[in-house]
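Working through the structure, step by step
The chain contents come next:
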Amino acid sequence: MTTATLTSGLMAVRPEADATPVKETDMAATSAATPALVSTPDNSVSFGEHFSNFIRAVLPPLIGFALVIGLWALVAMKSADFPSPAKTLDAAVVLFSDPFYQNGPNDQGIGWNILSSLKRVAIGFGFAALVGIPMGFIIGRFAFMNSMLEPIISILRPVSPLAWLPIGLMVFKAADPASTWTIFICSIWPMILNTAQGVQRVPQDYLNVARVLNLSEFRIITKILFPSVLPYMLTGIRLSIGTAWLVIVAAEMLTGGVGIGFWVWDEWNNLKVEHILIAIFVIGIVGLLLEYLLLLIARRFSYGTN
Amino acid sequence: MNAIVKVENVGMAFETKKGSFVALKDVNLQIRTGEVVSLIGHSGCGKSTLLNLIAGLTLPTSGVMLCNGREIAGPGPERAVVFQNHSLLPWLNCFENVYLAVERVFSAKEGKEALRARTHAALEMVHMGHAAQKLPHEISGGMKQRIGIARAFAMEPKILLMDEPFGALDALTRAALQDELIGVMAKTGATVVMVTHDVDEAVLLSDRVVMMTNGPAATIGEILDVKLAKPRDRLQLAHDPHFAECRAAILEFLYQKQMKKAA
Ligand SMILES: Nc1ncnc2c1ncn2[C@@H]1O[C@H](COP(=O)(O)OP(=O)(O)OP(=O)(O)O)[C@@H](O)[C@H]1O
Ligand SMILES: [Mg+2]
């Protein structure tokens, strides 16, 4: 199914999802080393091991960052428009010393801009979950609904959510709900498809248990379907929040108002390129945090089945 | 004769991509109340298929299946199943897994306290009271199988169906669980139908051993009466001449009359 390829494709691009088990085995290795520490009085070996593990984990990323900053400094030296890393850092210090100032609706601190973007994402996303998850259950449970809705979803899913922005503006007659609407549109597809896939993949064994116990439909949903679909749902949610965070920047550039996307555009009009660079970092870090948060939640609900 | 299950001229054909596959043909079997019956036969002969038919998880393509004089139209709590792979729900702890079954069967007549007491009693019966709050992935394979058995017994079924309940376990754990099962069966007087690969297990646990011919179109080859007094003790049986006879009869059936052609 399309969702499967979508998921694996994204997994390949985002190695941190695969990197987590490695961390766990590292932890297992160190805890296994602890008894050895008791039996051998010489613990300098294990200290050295810890140290080299630490170096191995931290050094490559540091080198990566250093290379990027070096390249950036080089480009900044050759170009008049491009701010140097030092200048950008200075600007960042100024920006983050007062992230929550307010000088009227069009001049607010970067903190406010991030928060209002996050609020839009949260609202659009919440509505998408409210509609998409039950719809996924219905599509997954009833083959008729699946064949009825699948072609429609297949056509609509590849469309950029920004194409829906004018419809939002027309319906809501305001910029703010229109950008929330694009978030709704882009989040809903992964939620529907992943939930539906989860429902279709409930292990036959569990359904047999339900049949032998002759459970009521309510018990089947709460005790069997919902818990076994939950990991799929969380994958859908994680994919959605990733795209939602991508889309909100673009949507806000088009609609204006307060928000990190609008802020980027505004700073471009003010020709403050260093602020744009800062915004790029901030957007990346916020996106990473969102993803990490959902990964934590997903791990909480994985029941150690694999 | 008080047969609780009657299997009359039952056939089972599966629709496959290469056409219809006849797994069972002309199976006739009567299971009496309170007896323990083993199904034994080579891999792929249709033991699970027959057990699933009695469970009502699948319906036969020909013939009649009766339970208590009524046609089996689907699964029901009076026919509890212990699945080969335990099939505990991984998101419920051991207590909740058993409670789910108890609640379904008894909640119409009993209050919450009584249901909880039943659940605890079932866990104690398989000596798993200490693990009530543990999740399935936190306990060993043998323990999971015990919880599966507790879940089935807690429903107080008329018939207990077990598909290779100890198939995935090592020999020692297997022996311990067999002994435990002997105790539980003696206490409850349950009617049991059980699939096994293990000749000793079949003789040790059953009143009758049903030997199946090789598939396709498998059927019942011979039925052996095990006339050993109960409760049985595995150490004493080792020297019992009738035990040896039963073993020999099954081995002869499996390895001479139904010799699998070396693949
Ligand atoms: N759903 C199905 N569709 C098609 N063929 C099936 C199906 N279920 C079972 N069979 C076939 O029916 C035959 C009997 O299968 P069954 O699972 O009952 O064997 P078994 O005796 O339980 O084997 P084992 O001891 O290995 O568990 C096999 O040849 C199997 O391939
Ligand atoms: Mg089988």
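Refer to the structure printed above.
Figured I'd write up the structure that's included with this text. Values in this document were obtained by computation on a predicted structure and should not be read as measured data.

**Points about the site of ligand 1**
Residue and element names in this part refer to chain B. Not every one of the 13 residues close to ligand 1 is listed here, only the nearest: Ser43, Gly44, Lys47, Ser48 and Thr49. In the environment of ligand 1, an oxygen atom lies 3.2 Å from a nitrogen or oxygen atom belonging to the backbone of Cys45. One nitrogen or oxygen atom from the side chain of Lys47 is found 2.8 Å from an oxygen atom belonging to ligand 1. Within the complex, 63% of the 630 Å² of free accessible area of ligand 1 lies under protein. The set of elements that each furnish at least two residues to the shell around ligand 1 consists of strand 1 (3-16), strand 2 (19-32) and helix 1 (47-55). Top element by residues in the shell around ligand 1 is helix 1. It accounts for 3 residues.

**Here's the deal with the pattern of salt bridges**
Summed over all chains, the structure comprises 17 salt bridges over all chains. Salt-bridge contacts for Arg141 of chain A lead to Glu217 of chain A; the nearest nitrogen and oxygen are separated by 3.3 Å. Taken together, the residues span a long stretch of sequence, with Arg141 of chain A in helix 5 (residues 110-141) and Glu217 of chain A in helix 10 (residues 217-255) at a distance of 76 residues. We note a salt bridge from Arg174 of chain B to Asp198 of chain B, for which the minimum N-O separation is 3.4 Å. Taken together, the residues span a long stretch of sequence, with Arg174 of chain B in helix 5 (residues 171-188) and Asp198 of chain B in the loop between strand 8 (191-196) and helix 6 (199-205) at a distance of 24 residues. Residue class for Asp198 of chain B comes out partly exposed when judged on its relative accessible area of 23%. Each of Arg120, Asp176 and Glu252 of chain A takes part in salt bridges that share partners, so that together they form one network.

**Considerations on the packing of aromatic side chains**
Here the structure, examined in full by the defined rule, presents 8 aromatic pairs over all chains. Summarising the aromatic geometry, the rings of Trp181 of chain A and Phe184 of chain A are spaced 6.0 Å apart at their centres and angled 15° between planes, so their arrangement reads as stacked. Separated by 3 residues within a single helix, Trp181 of chain A and Phe184 of chain A lie in helix 8 (residues 175-200), roughly one turn from each other. The same class applies to Trp181 of chain A as to Phe184 of chain A, namely buried. Centroid distance Phe95 of chain B to Tyr99 of chain B: 5.8 Å. Interplanar angle 20°. Geometry classified as stacked.

**A few points about the interface of chain A and chain B**
How large an interface is tends to be reported as the accessible area lost when its parts come together. Counting residues at the interface gives 18 residues for chain A, matched by 23 residues for chain B. Of the roughly 1900 Å² buried at the junction of chain A and chain B (both faces included), carbon and sulfur atoms supply 68%. Between the two partners, chain A and chain B, sit 1 salt bridge. The residue Glu103 of chain B makes a salt bridge to Arg219 of chain A at a minimum N-O spacing of 2.8 Å. For the interface between chain A and chain B, the tally reads 5 residue pairs in polar contact (both at pLDDT 80 or more). When residues of the side of chain A that touches chain B are assigned to their parent elements, the largest contribution, 7 residues, is made by helix 9 (residues 204-213) of chain A. The residue inventory of the side of chain A that touches chain B, partitioned by class, reads 8 nonpolar, 6 polar and 4 charged.

**Section: the sheet that holds strand 4 (residues 62-67) of chain B**
Taking strand neighbours across the sheet as the criterion, the 4 strands line up as 2-1-4-5 (chain B) in an open arrangement whose pairing is antiparallel. Of all the strands in the sheet, just strand 2 and strand 5 (70-71) of chain B have a single pairing partner and so form its edges.

**A word on the sheet that holds strand 3 (residues 36-40) of chain B**
All names here are of chain B. With mixed pairing, the 6 strands of this open sheet are ordered in space as 6-7-8-3-9-10. Here the strands that pair on one side only, and so sit at the sheet edges, are strand 6 (79-82) and strand 10 (220-225). Taking each pair of neighbouring strands and ignoring which way they run, the sheet shows an average axis angle of 20°. Of the strand pairs in this sheet, strand 7 (residues 159-163) and strand 8 are connected by 5 bridges, and their pairing is parallel. Bridge assignment links Ile159 to a residue of strand 8, and that residue is Thr191. On the sheet, helix 1 packs against strand 3, strand 6, strand 7, strand 8 and strand 9 (208-212) and is oriented at approximately 150° with respect to strand 7. Strands in contact with helix 8 (residues 241-257) are strand 3, strand 9 and strand 10; relative to strand 10, the strand with the most contacts, it is inclined by about 175°.

Cut-offs and rules
Residues numbered from 1 in each chain as written. Chains lettered and ligands numbered in written order. Predicted model: local features only at pLDDT ≥ 70, side-chain atom pairs only at ≥ 80, totals over all residues. Heavy atoms only, no water. Near = heavy atom within 4 Å. Polar contact = N/O pair within 3.5 Å; in protein donor to acceptor, adjacent residues only side chain to side chain. Areas by Shrake-Rupley, 256 points an atom, 1.4 Å probe, with all protein chains shown as cover. Helix = DSSP H or I, 4+ residues; strand = E, 2+ residues; numbered from the N terminus. Salt bridge = Lys/Arg side-chain N within 4 Å of Asp/Glu carboxyl O. Buried < 20%, exposed > 50% of the residue type's maximum accessible area, 1.4 Å probe, protein only. Phe/Tyr/Trp six-rings, centres within 6.5 Å; stacked < 30°, edge-to-face > 60°. Contact = heavy atoms within 4.5 Å. Buried area = accessible area lost by both parts, 1.4 Å probe. Nonpolar A, V, L, I, M, F, W, Y, C, P; charged D, E, K, R; others polar. Pairing = 2+ DSSP bridges. Axes fitted to C-alpha atoms, helices over the stretch in contact; angles between N-to-C directions.

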